[in-house]
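This is what each chain is made of:
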Amino acid sequence: MTMISNSQRLAGVLMLVGLSGMVWAQSAPDSFATGTSTPIATNIDGVPGLGATGNYPASSAYNLRFGQGPAPANARVDGFTFGGDTFTRVFPAIGTPFDRVLVKRVNNPQVNFEKVTAFFCTPSTPPNPAPNGSELFYGCDYVDTMEGLINSFILNRGSDNLFANRSQDTTVNNIERVDMILDSGLGSVDTVRTGFLLMERGGNDDFKMAAITSLDDDGEVATLGPLITGTAGTAWGNSGLNILSTVFQSVETGALPFRPSQNISSQAIHGTYISFADLGIPSGDPIFGVALFPGDVTEAMDLIGLTDVPLDTSGASNTTGGLDFMAGGGFFTAEGTPDPVANIVDLTAGCGLGSNNSPITVDSTVRNSGVVTFD
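The rules we used
Residues numbered from 1 in each chain as written. Predicted model: local features only at pLDDT ≥ 70, side-chain atom pairs only at ≥ 80, totals over all residues. Heavy atoms only, no water. Helix = DSSP H or I, 4+ residues; strand = E, 2+ residues; numbered from the N terminus. Buried < 20%, exposed > 50% of the residue type's maximum accessible area, 1.4 Å probe, protein only. Contact = heavy atoms within 4.5 Å. Areas by Shrake-Rupley, 256 points an atom, 1.4 Å probe, with all protein chains shown as cover. Pairing = 2+ DSSP bridges. Disulfide = S-S within 2.5 Å. Axes fitted to C-alpha atoms, helices over the stretch in contact; angles between N-to-C directions. Core = buried A, V, L, I, M, F, W, Y, C linked by side-chain atoms within 4.5 Å. Salt bridge = Lys/Arg side-chain N within 4 Å of Asp/Glu carboxyl O. Polar contact = N/O pair within 3.5 Å; in protein donor to acceptor, adjacent residues only side chain to side chain. Phe/Tyr/Trp six-rings, centres within 6.5 Å; stacked < 30°, edge-to-face > 60°.

Caption draft 1: Just the overall build of the protein chain, in detail. A count of helices and strands for the protein chain gives 2 helices and 22 strands. Out of the 375 residues in the protein chain, the part that is buried amounts to 55%. By sequence separation, contacts in the protein chain at least 24 residues apart represent 79% of the contacts at least 6 residues apart. When the accessible area of the protein chain is evaluated, it comes to approximately 14800 Å², of which 52% is carbon and sulfur surface.

Caption draft 2: Expanded view of the pairing of strand S14 (residues 221–224). Note that strand S13 (residues 207–215) and S14 share 3 bridges and pair antiparallel. Note on S14: the bridge partner recorded for Ile212 is Leu224. Counted between consecutive antiparallel strands, the loop separating S13 from S14 contains 5 residues, among which Gly219 sits at a positive phi close to 80 degrees.

Caption draft 3: Just the state of the cysteines, in detail. Counting across every chain of the model gives 0 disulfides. Not engaged in a disulfide, the cysteine Cys121 finds its nearest cysteine sulfur in Cys140; these two sulfurs lie 3.7 Å apart. Judged by relative accessible area, which is 9%, Cys121 ranks as buried.

Caption draft 4: The sheet that holds strand S4 (residues 61–66), seen in detail. Spatially, S3-S4-S9 is the arrangement adopted by the 3 strands of the open sheet, whose pairing is mixed. Each of the sheet's edge strands pairs with one partner strand only, and the pair in question is strand S3 (42–48) and strand S9 (135–138). Across this sheet, the average inter-strand angle for adjacent strands is 25 degrees, counted without regard to direction.

Caption draft 5: Broad picture of the nonpolar core. By size, the foremost hydrophobic cluster in this structure holds 69 residues, and its most contacted members are Phe120, Met180, Met209, Leu292 and Phe331. The next biggest cluster of nonpolar side chains, apart from the first, holds 16 residues, and it includes Leu102, Ile212, Val221 and Met301.

Caption draft 6: Molecular detail of unusual backbone geometry. Between Asn128 and Pro129 the backbone carries a cis peptide bond, its omega angle lying at -5 degrees. In this structure, Pro129 sits in the loop between strand S8 (117–122) and S9. Although it is not a glycine, Ala71 sits at a positive phi angle of roughly 50 degrees. Positive phi is not limited to glycine here, since Asn161 has a value of about 45 degrees. Within the secondary structure layout, Asn161 lies in the loop between strand S10 (157–159) and strand S11 (175–186).

Caption draft 7: Inspection of the pattern of salt bridges at higher detail. Applying the stated criterion across every chain, the model contains 11 salt bridges. A salt bridge links Arg193 to Asp85, with the shortest nitrogen-to-oxygen separation between them at 3.0 Å. Placement of the pair is Arg193 in the loop between S11 and strand S12 (194–201) and Asp85 in strand S6 (residues 85–90), with a sequence separation of 108 residues. Residues Arg193 and Asp85 agree in their burial class; the two are buried. For the salt bridge of Asp160 with Arg201, the shortest nitrogen-to-oxygen distance reads 2.6 Å. Here the residue Asp160 occupies a position in the loop between S10 and S11, and Arg201 occupies one in strand S12, the gap between them amounting to 41 residues.

Caption draft 8: Region of interest: the side chain of Arg65. In this fold, Arg65 is placed in strand S4. On the accessibility criterion, Arg65 (10% relative accessible area) is buried. Side chain to side chain, Arg65 and Glu135 meet in a polar contact 3.0 Å long. Not counting residues up to four positions away in its chain, the partners in contact with Arg65 are Thr42, Asn43, Ile44, Asp45, Glu135, Leu136, Phe137 and Tyr138.

Caption draft 9: Layout of the side chain of Ser261. Within the secondary structure, Ser261 sits in strand S17 (residues 259–275). In this structure Ser261 comes out as buried when scored by relative accessible area, which is 11%. Residues contacting Ser261, with those up to four places away along its chain left out, are Leu50, Asn55, Tyr56, Val247, Phe248 and Gln249.

Caption draft 10: Representation of the environment of Ser265 within the structure. Within the fold, Ser265 resides in strand S17. In this structure Ser265 comes out as exposed when scored by relative accessible area, which is 54%. In this structure the C-alpha to C-alpha distance between Ser265 and Thr125, which are 140 residues apart in sequence, comes to 7.9 Å. Not counting the four nearest positions on each side in its chain, Ser265 is found in contact with Ile243 and Leu244.

Caption draft 11: Representation of the packing of aromatic side chains in the model. For the structure on display, the rule yields 20 aromatic pairs. Relative to Phe80, the ring of Phe32 has its centre 6.2 Å away and its plane inclined at 45 degrees; by these criteria the two rings are tilted. Here Phe32 is found in strand S2 (residues 31–37), whereas its partner Phe80 is found in strand S5 (residues 74–82), with 48 residues between them in sequence. Phe80 matches Phe32 in its accessibility class, with the two residues each being buried.

In structure tokens form, the structure reads like this:
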């Protein structure tokens, strides 16, 4: 295998700036280090299916068993290799990959509530249709919110067609942006060897992403870096984990548990690495997380207020809204690089000046990188 130096990779990134200003930038990890932890058993009985026909008819009800079945386990990513470097997690001690996740929605003709679309790993595909009263097993922890699903180390569950909202799609939602936030920020001296790992079932869908460059007084996104484009099937590394899964969807806000919808055949979970350099962030500049978008938004749109984003995003395979987002990613840095730091800024001061027009103080604290401890 031909090894590519960090300087060559960065040069390649800079050459891929399109006329619109968007950057096509992502890299496929060479291999992944994965592990498991013991899931929590959750029983939910009498859950109706979602649909008149298909895998789970609405006329039938099912008894759900999460964290149970043959060899139940929560899978996770501990690290990965790329270009001769070994990457490990940033923030090993906070319990989740991000301080907060905010799911930003714009209502559309299909969905006008806080819908949950999720899938969970299953040891085997039930008969089609699943008989009324079936006991259905899922090998990982149960979660019932989009925010909890995303802000997690658990790799063998996710969100099906995260950004799809066309009427003809099987799984639809009204999500237009997902903000994965680090409240105190993160800066890096080595911008090629520090970045974000995004995981996806199949590794075959488009997405767009931007660094969150500042937060407002309410802790929400105020400004974004350049919008970059991730392309289907071009730079996704195979994690080595394959899962069968069942898709669940909620039917209205607060209507829990959500209902089984369809079965998905075995697919490999993939990951793609987006460095600070890919995101257009200079050395030492802090970011406050990343914002994930469907593949059909552009720089010309209102990416903060989302007032003019498309509401007919396709969830078909390899298209703009079909990202099958997996948790388990987050921020990583290569071993041997200077520690990334959290830049804690006095956000009450305006325009970078204190109340007496003196420069505000930045207190840099180290965010350690290393192996995460799981229960």
